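# Descriptive structure summary
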Amino acid sequence: MNKAITTLSYALAVSATLTFAGTAGAQTSSGNNHSHSHSHDKKGSVHEGYFDDDQVKARELSDWEGDWQSVYPYLVDGTLDPVMADKAKHGDKSAGDYRAYYDTGYKTDVDRIVINGKKVTFFRGKDPVTGDYETDGHEILTYKKGNRGVRFVFKKSAGDDAAPRFIQFSDHIVAPEKADHYHLYWGNDRAALLNEVTNWPTYYPANLNGKQIVEEMLAH
């Protein structure tokens, strides 16, 4: 299993690269926004990746506590097609191009993550691994577009050997606040994960069905 999760971590790291570049694009550009339930007054610019360093505050793992599901299966089975069509109406790509972009971004075989206290459990089918995680600070990333993002980093302090040493959250939020969805990067090399900007496995609450996730994404 250790080899499997290591391979997964590497693949996701490679994948994740799309994430923050992608996250920079997918999360923050006007044609590629994910949904947020947050208010869009002054905070809107923060969610688009424009903020001052002093706005960034330490966050606890409790901001992401809960039972979460990957949205990748919904992209694969066509449930998210209305979201891709909507992006095409407002963006500079076709629905098919957006679907391909998000296929790279969302791709993962970790279909569920449960966060409870310090424990984070990764489910790959019926084969879960669990680790205890402590905060390891945050990193501010600057993207080619000029906007920025924050990775909140946690390091494993105990748990299964197969659980990744590091996890990094990105959710368009820069200070303590409960996340309504997030992108997660994980692996054993902290620095390498920060360079991952093309694959950003994305998670929404497990109690939402596909239709509700589409509504969340379209509402933004």
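Okay, so let's go over this structure. Note that the structure is a prediction, hence the values are computed from the model and not measured.

Now for the pattern of salt bridges. Taken as a whole and judged by the stated rule, the model has 11 salt bridges. Asp171 is the salt-bridge partner of Arg59, the closest N and O atoms lying 2.9 Å from each other. In this pair, Arg59 is assigned in the loop between helix H2 (43-47) and strand S1 (66-70) and Asp171 in the loop between strand S6 (166-170) and strand S7 (182-187), connecting sequence segments 112 residues apart. The burial state of Arg59 is the same as that of Asp171; both residues are buried. For Arg112, the salt bridge identified is with Asp67, shortest N-O distance 2.8 Å. Taken as a pair, Arg112 in strand S2 (residues 112-116) and Asp67 in strand S1 lie far apart in primary sequence, 45 residues in all. You can call Asp67 partly exposed: its relative accessible area is 32%. Salt bridges sharing partners connect three or more residues here, namely Arg59, Asp63 and Asp171.

Reading around the barrel, the 8 strands line up as S1-S2-S3-S4-S5-S6-S7-S8 and close back on themselves, with antiparallel pairing between neighbours. Taking the axes of each pair of neighbouring strands and ignoring which way they run, one obtains an average angle of 35° across the sheet.

As paired strands, strand S4 (residues 127-142) and strand S5 (residues 148-159) are joined by 10 bridges and run antiparallel to one another. Paired with Tyr133 across the bridge in S5 is Lys156. With antiparallel pairing between neighbouring strands as the criterion, S4 and S5 make up a hairpin whose turn holds 5 residues, including Gly146 at a positive phi of roughly 110°. The pairing of S5 with S6 spans 4 bridges and is antiparallel. Bridge pairing in S6 links Lys155 to Phe166. Connecting S5 to the antiparallel partner S6 that follows it, the hairpin turn spans 6 residues.

This next bit is on the nonpolar core. By size, the foremost hydrophobic cluster in this structure holds 26 residues, and its most contacted members are Phe122 and Phe169. For this core, the secondary structure elements donating two or more residues are S2, strand S3 (119-124), S4, S5, S6 and S7. If near-sequence neighbours (up to four positions away) are discounted, Phe169 is found in contact with Leu61, Trp64, Ile115, Val150, Arg151, Phe152, Phe154, Tyr182, His183 and Leu184.

Conventions adopted
Residues numbered from 1 in each chain as written. Predicted model: local features only at pLDDT ≥ 70, side-chain atom pairs only at ≥ 80, totals over all residues. Heavy atoms only, no water. Salt bridge = Lys/Arg side-chain N within 4 Å of Asp/Glu carboxyl O. Helix = DSSP H or I, 4+ residues; strand = E, 2+ residues; numbered from the N terminus. Buried < 20%, exposed > 50% of the residue type's maximum accessible area, 1.4 Å probe, protein only. Pairing = 2+ DSSP bridges. Axes fitted to C-alpha atoms, helices over the stretch in contact; angles between N-to-C directions. Core = buried A, V, L, I, M, F, W, Y, C linked by side-chain atoms within 4.5 Å. Contact = heavy atoms within 4.5 Å.

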